[in-house]
Every structure is written in C-alpha cells, then in structure tokens.
Amino acid sequence: MAPTPVARYRRPVAPEALRLPRRGGLTHHAKARGMGRRMLIGIDLGTTNSAVALWHSAEGANGEAGARLVPNALGAVLTPSAVSVLPDGTTLVGAAALERMSLKDGATATSFKRLMGTDRKVRLGRKDFSAEELSALVLMALRDDVEAHTGMRPTEAVITVPAYFNDRQRKATRRAGELAGLTVRRLINEPTAAALAFGLQDKAEREPFLVFDLGGGTFDVSIVEMFEGIVEVRASAGDNRLGGDDFNTALVLAARGRLDPEGLLGKVEDRRSQALLAQAAERTKRALSEGQEAEFAVTVDGTRLSTTITTTEFESQADGLVRRLRDPVVRALRDSQIDAASLSEIVLVGGATRMPIVRKAITRLFGRFPNSSVHPDHAVALGAAIQGGLIARNGGLEEIRITDVCPFTLGIETAERTARGGIQSGLFSPIIERNTPVPVSRMGSFSTMADNQKQIDVTIYQGEAREVSGNVLLGTLKVPVPPKPEGEVGIDVRFSYDSSGLLEVDVEVPLTGAMHNLVIIDEEDRKAASDLAARRKALAALKHHPREEAANQLLLARAERAYEEFLGDIRAVVGDRTRLFVAALDTQDPRRIADAAAALAELLDLLEANPPL
Amino acid sequence: MILTQAWTVLGMTKTPDAGAIRRAYAERLKAMDVDRDVDGYARLREARDAALRWARMQAERAEQVRDAEAHPRDVASVDVPPDYAPAGPAPSPGESSNWLYAAPAAKGEGDPSLTTRLGTADAAGKRDVASGFAPAQAPATQAIAVAQDPFARPVLLGLEPTADAVMPAWAHEEALHRLLEAEVGDAEDGLPPLEGWEEAMALGHLKAILRNAESSSVTAFDAADNWLARTLADAWPRSAPLLEPAAAVFGWESERGQVSERGAVAFLNARLRSMRFREKVQDPRHPLHKAWVELTTPAQQGSRKGWLVKRADVEKLLEGVRKNFPELEHHFDAWRVSLWEKPSGLQVGQGWWSNTRLIIFAIILLVQVLRFAFDDRTPSSAPELARTELSAAQTAQEQQIVARTISRVFGSEISFEGLQSLQPDLAALLAANRTIARSQGESEEAYAAKVHDLVRERMYATALGDKGQLLAEVQAVRAGLLRAAQKRSPAACMAFLRTRRMDTNVIVPAAVLEAERKIAVRLLDVRKLGPPARIAPGSASVPGLLIEQVMDRTGLPGDRVRRAIGGKGSDADQCAVTIALIDATLSWKGPPKDREAILSVL
C-alpha cells in the first residue's frame, strides 16, 4: 500500500501567512508589559472541555462589568481537554487533537484530569507525559487564546478544581498552572464557582440552594447560601470518579454485544477501537438527549457497524451510575443540616446534567424540577473569572465575599491501647472535620505511648476512614521529645487550613517549648519544586502548533480521519480535496486557502452527516 | 460562645431579627481579611450562629405563646411520646435541623392541646411520597393508622404481587415494625427469630419499603435509611434475614470504617460480616470448619476436646472471632471453649483410662460431626406453600376446621358458603390462610385465633370509618376484650392494644364473644367486612373531667394517667387507663363529636 497521502502534506506553514490581521503581535505584549499590569484570568480545567474567562470591570472599554468567556482560535468558547502529538513532535490541543484520537497514529490523550495526582504517565508518540503536564499544555493554549484576544499576556490565574479533589489532586493542578507559566492565585471549587456565577446573575438574596455539578469525570454537590453580598458554602460532597465519561462507557457496554458480531473491532489496535467506541458513545449520548432511541455507529476501515440503543436500555445500563448520584447529595444535606425540601433551587452545572436520564434522577431525588438558568458548560469558568475579579479587587465586585468549606476530614495517625492490652495502631484522629468553614485553625493534643519515647511521628492524613490505611497520606513530621514515662509527654498539633486549600501543621511540645512547623509538601511536590523550572523549560521547548493555524489543523485532522474511515472512491475523493487544500496552504494566498478549505469542509460535513453504508 | 459575647462580636444590640444579625455578620466579615485573622473569623461565625439560634428560639417561643392563647384551658396536657433519638451526629440544641430524624408529625410537639398523639392529624393530611417515611411515627404506641390485616400479606405475597401498590409505604413500615416487635415478655432471652410466614411477610414489606425508597426523594430515602437501620438494629437478631437486602440498597457497607459511620449502621455492618463469616465457616471446605464444629457442638457430661481438631485452628478461630466478630461467640459452647483455653499440660499423664475416655469421646464426636454434616444437607425448613393434592378425607377435615372456625367467630348461622357469597375476599383469605397454616403445621387453635384477629381488625376498621353507634358498640366489645386480656397479664393486654393480636391463652367471657359475634354478623349482612380502608391517624383532646374519671376508676395518680395516655408508663398502667378511658368515654354525656373523636383514637 502506498504511504498515506495526507501525511505527506503536513508541513510547516509560515505563520505570517495565516495570521489574522486584527490579532496583535509583539508590539501589544511590549505595551502591556510596559504598563506593568498583571493580568488575572479564570480557568475551568475540565475533564472533557476547558474554558477561560475574564473579569471586565465597569470602567473598562466595554461598559458593563461582568465576566466574559474568551473564544479560542476556532471561535469556540469551549476547548476540548485533549492533547495530541503529531509524528513530527509538534503538540496540538483542542478540537483538532480530539479529531485525531481515533487515527491510526493519533497519539492523543483525553480525560487526563482523572489521572491528576497520580504517577501514571501517558505515552504520546515518543514521549511520556504526566497528567499535570498535559493539563499544563491545555492551560497554555487557553493562555494564548487570552493573549490573542486581548493583546495582553496573562500572568496569573484562578483555576477551578472539583470540590472533592483531594490535596494531591489540588497540588497537581497548582503545579500544572505553574508549568504553564501562570501564578495560581487561587484554586476554587467548581460548584462554588458555579454558585458565584449563578448568584451574581441577579445578586438577589437566596435561601440555601444546591449546586449539582456532574462534569465529564467528576461529580460535586455543594449547598450554598447567599445573603448581604456573602456567598457562603455550607457543605460540599462528591465522587471524584463519576462523570459523563462513565455514562459513555455504559453506552459502549450496552451496544458492544450487538454492534460487532464478527469481531471487527477486535482486529484493530485496542487504543483505537476504544477511541472509536468512545466517540460513537458520545454521539449516541447526545442523540439520546433528543429522542427515545439513537443509532450507535462506528466506521472501522470502511466498514460501518451500527445498532440502535433505546432510552430504556441506556437507563438500565446506567442504573448503577444514577444510584451513585444520591450518596453525595445525602451527605451534603446531612452535613449542612438542611432539609432537601427547604432548598430554594437545584442548580445544574456540568455537561452531563444535560442527559434526560440524569435530569429525571434529579427530579426524583428532590421531588421538583431543577433550575437550568446557568449555562452548564460556562458557569464554572465565569465563576472563576468573578473570583479573579474579587482577588484583584476590581470595580463592581467590592461587596462580595465568598466563604467555603474544607470538604474532607484532616487528621493524624494515632494508636490506642486495646482492652486486651495490645496496641492498635493506624487509627485516624480527625483534627479538622469535613465541611468546616475555611480558613480554619484547630488543635488536638496527643501524648507518648511508650516509656522513654524519643520521637513522635506526626503523620498527616486526609479522608473519612477510621483507619489511616483508607485515607490519603499528606506528609510526616518527626518531633523529638524528652524521654519520660509513657503518657507524660504531650504535644499540641495545630492544623491551619487556608482558603486556597493549603494545610499548615504546627506541633508544639509544651514541656520543652519547642515548635515544629510543616507546610504540607508531599514527595511529589518536593521533587517538583526542584525540577519545576526544568520541566517548564522542557514543556516550553515542545513545538506547539501555532494557534493561528488551529482551524486548518482541525480541518486536516478531520480529513485524515475521513480518509482512514472510508475506502475506495470516497477515500480517493477525500485524498484529492485534501491535496488541493494543502497545495493552497503552500501558496500562502488567503483567498485560495479559504476556497480550498470551504470545499474540503463541505465534503467532510456531507460525509459526517450522511455516512455511506 | 456565650450569647452576650456574641452581640459584642457582632457589634450590635440583642435582637431576634435574623436579618439584622446576618447584616451585622456580613458587615464584619467584609471588613476583615479572614486569611490573616483565622481566629477572628471563627469567633465571628460562632457569634452569628449563636445569635441566629437564639433568634430562632425566640420566634418559636412566640409562636407557642400564640398557640397556647388560642386554645381552651381545661385541657390536660400530656407528654407526647418521644421521637426516636437520632443515631447520627447530634444536632446542636435549638437548631431546627433534626429534620433527618424527626417525623413530619413532630410539629405537634409542644402543643399543649394535643393530649393524645396517636399519629397526628397534621401528618395524616400531608402524607405524600416525601413524608411517607416517618421514623417517629413508626414506633408510635397506639397508632390506629394501620388498619391492615396482620396476615393478609402471605396471601398477597403468594397470589397477588401487584397488590403491593395499594399499600402506602408507611403502612409497610408499620407492618414491618410490628412483625419485628418482640412478643411481649420474651425480651429478656433475646428476640425469637422470625417464623417462616413472618419472615416471608417481613421480606415482602421490606421489599416494598426499599422499592419505595429508591423511587422517592432524597429526604424520604434518607429517612427510610435511618429508620430501617435503627429498626433492624433494635430488633436484632430477629431482623437477620432482612439485613442483606436493606444493606445492599442503602449501601451501608460503603459506610463501614468511616469516621462518620452511624451507630446503628456500624452495628449492622458488624453483624453482616459475622453472618457472612458464619456462612463460610459452615462449609466443610473452610479451613476452620472443624474448629467451628468443635466449639459449637454442645458439650455433654464429661466431654473432652475433640482430637481430630488442631489446636492451632481452634485458637485461630477463637482469637479471630473475639477480635472481629465478638457477637458470634455466643454460638460457642462455653464448656468446650474453657476446655480449649485450659493449658494443655493439665491433661497430661492421667493414665490409660483417660486415653480410653478420649477415644470413646472421639467416637461420640465423630457421630455428632456426621450428624452435623447431615443436618447441613437437609433442606431448611423454609415455608413451602404445599401444592400437594389433598386426599378426600383430608379435604373434608380441612373444610371442617374452616367451618368450625367460622362458627366460632360468627356463630353457627354462618357457613363458609354464606361467607363466600357475602364477603368473598374474606372467605378467600380464610381459605388461603388455612393452606398456609396447614403447611406450617399450625394447630387449629392458632389458625382460629388468627382468623379471629383478622375479623376483629376488619370490624374495628369499619367502625372507625362509620363512627356513630357502631363505633361505640365496637369499643365496648374491645373494652371487654382488653379486660379479659388484662386478667391474663398486662403484657397480653398491651400486645392486643399494640398488635391487635389476642393471646391465645386469654379466656374471653362468653357474653363479650356473643356481643362481638352479633356485630360481626350484622356487618357481614351489609357486606361491610371488606379489606380495611386506610384510616387517617387522628388526635383528640381528652377533657379534664374524663381524666378525673379515669383516675377514679383506675386509682392511679394524675401524672401516671397522663403518661399512660401519651403512650408512656408501664404496660399495666397503659392497659388499665385505656380500658378506663373507653368506659368513661362511653358513659360520658359530652358532645357526641368529642366523644367520637376520643373513641376514634383509642
């Protein structure tokens, strides 16, 4: 077989050729830097999509104060959280990367937010990437979008995280921001951000309402109250392993048996078949939001496999997922001691709340219809921008204050003497209970367990299990103590948790007056601190596809996918049109490029809308 | 925080205005940098919470005063029965936050005019899906709300699964609670296990409750979760067969080992694990099976340790059970455990005789092990509705039993055929229950007693619906029945009051039975002995005059009478007071409406 024709056409294009005239270049940067203004942006770093927004103060050129989303190079405000590495090592972020997911050599990563805070690496092309590096690439793309849009380079950011993200996951997110060259001023919880966006729509007083945030990979519930310009989060709970992706998986499971009786999918590369199925499931999921049944179809090497999925089938397959929605709701209500009936609204956030099956479950859970007045995909980024405006003390926002809670329990490991005289170790002693308002500072007192003990290990954990083995280890502090009989040496352990979610531990030995302090930095963090600069440089050294070419790149990726999917005549036509397009790119003549792009896009639209059988 | 400090921190003067408190809080909060002044922020929050709590209490008190003024004075005030104490995190005092634990009926609390709270009318009006689970309601002492045939379920279970839909969730809860309730008086030796038919019924109710919880709102689901956890924990080990399905729906096991694990759930989770371990260890392939058999086999005079059992295994089992499943230790024979726990040195060197005894014992043990193994394989005595054909003689005998029972309940003038034509559903119920009774090997006496209870329940339900003269007559009969039960024992009387099941040992005077039969036949003639309609729980005020009469009749002091009316106090008190109150009300010449209201809730 001849080499794939498309691959040949991918060649560097002079950036100037496609740069849109209204977008500013270096001069603007210089001006912005010269003015010495720092720019603070709000970023929703999602599992499926990411978005960036800016706070515009009233005195700005646009007049009205408010948060606004910034469009990417394709003119869309949502950028898929997908990263792809082209064979030449260039990285690609967003829609074009997502398109490449099911290609034969489509080294693409998606849903990497689920790996945040773990050591897992994703191999793309010849390089391994950690989840935070991939996230950093997305953040860089968003940063560039803002720069192109405003002519100013953002230096600081507020990034949102799921409320139920644990300390490690938060730290990883913070590092991702720093890798992208942004100073992370604050991490705020996604439902809190959404509540801000919801609450500031009319600035009315609100009885406690519930934010139901079901995103692509995480699920959060927060109960929020607004009064006198105070946004008070009363309680948050969540499941950081539940989201729209899981519903896609359920659809794949429902369809798989009937879809492919001859096992065609088994013949292609595992990664690719999974990508194909996931994309098909996403399409089916959207279609099922409209009707009672939808087609589930994949095209593998020219063969189209398809089956029909009904709402009922989907519901029974996703029953287990729907049940998992209830637990965090109950927990948040219990913790805040608020009756579900007295909630003033159920505010839906997150793309997955669009699914009728989820809406049905919510209606049943609360015995009423939810409120969908905020845009489920935009609210979080807008809230982040509002928080940014608050930090920068921008006009129009002076009178708003947010108070949040720490959604998980923090404590240390202790041991106990059992009734039979043995020692049971590995017990978790909470110091800050979950859903305590932050910032908070709490103290617990502990004492030695053995005669002449010389050191106490203060091991810090986060979680809800009575035994530390079920919780997340955050760090250890070794405290030397004077040798004395058992129980005679006491220590006071003080936990201080600030509004950004940073925990500081102080240990005092009253007997000696010695003080020990630990800002929780886990292993990864320590390692990261030393090579953060190096990693940042490495990331920056990666060849990024120029954002001006994003539209063309997306078109090429689509063409490439169509080329792989179809055989025979259609493949030949796709190849021809692609060649014409690439040739047009080579001429650097904007008009010819636009014509060729339109012709190719028309063909691809046609093929995608009416797939030939 | 002391309240006076709170006002200082908030910088305001004492006020019950919640809005003003919030405004003051907001103003202070905006003036501070919480990250720099963490303690100040904590103080401010505490001050606000204390002030708001106080404001709410003021508002509640004001409401109570208004209510009290609106009601007449000559009304005795009686304590309402206590709500089930919350097992979860205790809500702070004064916080109107115990919604998760309190029933919607809790509104009646503190209302001085509410003298007998037998399920408040307020709750009855609002019983919808969301408030269907009313934890405080379920154990309500004398709730008349449930006018369900106590043994209509096995019939429905077997023949008519769809009939579930007609029964509301709370009725299932009541029924389940009643089933799990211990037979009065047995409580000391632990609760007896559910009998076959009871288990089937309980599972049926449980299934309905779970289904309902799953399809209803989060409040109702949570209330059901809490209620079931406590109910099952309270009724352990009687509730054992219900544990697995309930735990699966509410995800109790995922709560295991959490800091916030609820007390009842922790208890049940421990039992669940023990049950699973017990099941596993009874499998002969389990490594500790032999040790288990050894320790659980009842010891006889002069029993020795089984010698086919490894000491290490026994020790491992004992240690493991004591550490992980302490509640399983009661399965062990204390004598055997002590044998194994003694240092083995004591048994050394007692000559050949002891060895012989050892061998003899080993043989005995072997026989026992075999028997044990055999027992394991025999089918369990689960209820099986025998579908075997009856011989002609058996059929005749069965018919005779049913006929005798009918004449006992209705008098000789009613035949089965007559019953069938007048009230076919009742006839079918009688026949079906006979089938069950036979398959369970129940005596004719027990069957007759059940039928009697069933008819009584229906009569009573009809009377509650019709009110008027019929209600008075039925209550008069009921007083007679209660008196008869009281003679037997206060416990029997209480059991009849609570469960509407008459102890078979109670001797009911012929005159009462005769009066009862007359009413039954009369109702049957007008076909009014159908399935009991749902009767709304109600409340009534008992005037001071009647209270005095009851005090005279029972010779009890006023406070004990009031407590008994409120469903508290000893069985004897409650029983005596109920009888006296029925009598007093029946002879009372007060307004018919009030009279009826009292009779309806007794």
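Residues numbered from 1 in each chain as written. Chains lettered and ligands numbered in written order. Predicted model: local features only at pLDDT ≥ 70, side-chain atom pairs only at ≥ 80, totals over all residues.

**Notes on the overall build of chain B**
As a reminder of what qualifies: Note on conventions: DSSP H or I runs of at least 4 residues are helices, E runs of at least 2 residues are strands, and numbering of each starts at the N terminus. To sort residues by burial, count the other C-beta atoms lying within 10 Å of each one's C-beta; a count of 20 or more means buried, 12 or fewer means exposed, and anything in between means partly exposed. C-beta atoms are built from the backbone. By the criterion used throughout, residues are in contact when their C-beta atoms, derived from the backbone, lie within 7 Å.
Looking only at helices and strands, chain B has 25 helices and two strands in total. The buried share of chain B, reckoned over its 602 residues, is 37%. Taking contacts inside chain B between residues at least 6 apart in sequence as the whole, the part at least 24 apart equals 73%.

**Section: the overall build of chain A**
When its secondary structure is counted, chain A shows 18 helices and 27 strands. In chain A, buried positions account for 48% of the 613 residues. Counted over contacts in chain A with a minimum sequence separation of 6, partners at least 24 positions apart contribute 70%.

**A look at unusual backbone geometry**
Negative phi values dominate among residues other than glycine, just as trans dominates among peptide bonds. Residue and element names in this part refer to chain A. Note that the residue after V438, namely P439, is joined by a cis bond; omega there is 0°. Within the chain, N452 stands out as a residue other than glycine whose phi angle is a positive 55°. On the secondary structure map, N452 appears in the loop between strand 22 (440-447) and strand 23 (455-462). One non-glycine residue with positive phi stands out, namely Q588, at about 60°. Tracing the sequence through the fold places Q588 in the loop between helix 17 (568-587) and helix 18 (590-609).

**Some remarks on the sheet that holds strand 23 of chain A**
All names here are of chain A. Applied cut-off: Whether two strands pair comes down to DSSP finding at least two bridges between them. The angle between two axes is taken between their N-to-C directions and runs from 0 to 180 degrees, where each axis is a line fitted to C-alpha atoms and a helix contributes only its stretch in contact.
Strand order in the open sheet made by the four strands is 20-19-23-24, with antiparallel pairing throughout. Of all the strands in the sheet, the pair left with one neighbour each is strand 20 (423-432) and strand 24 (472-480). Across the sheet, the axes of successive neighbouring strands diverge by a mean angle of 35°, strand direction being ignored. Examined bridge by bridge, strand 23 and strand 24 share eight bridges and lie antiparallel to one another. If you follow I456 over to strand 24, its bridge partner there is V479.

**Examining the nonpolar core**
Applicable threshold: We define a nonpolar core as a collection of buried residues of the types Ala, Val, Leu, Ile, Met, Phe, Trp, Tyr and Cys that are connected via C-beta atoms lying within 7 Å of each other.
Membership of the largest hydrophobic core comes to 262 residues, with the highest contact counts inside it found for A53, A194 and V347 of chain A. Apart from residues no more than four positions distant in its own chain, A194 of chain A is found in contact with V211, D213, V347, V349, V374, A379, V380 and G383 of chain A. With 13 residues, the next largest nonpolar core counts A24, Y25, L44 and A51 of chain B among its residues.

**With respect to the interface of chain B and chain A**
Contact residues are listed per partner, giving 30 residues for chain B and 35 residues for chain A. Where the side of chain B that touches chain A is concerned, the elements lending two or more residues are helix 2 (18-31), helix 3 (38-69) and helix 8 (218-234) of chain B.

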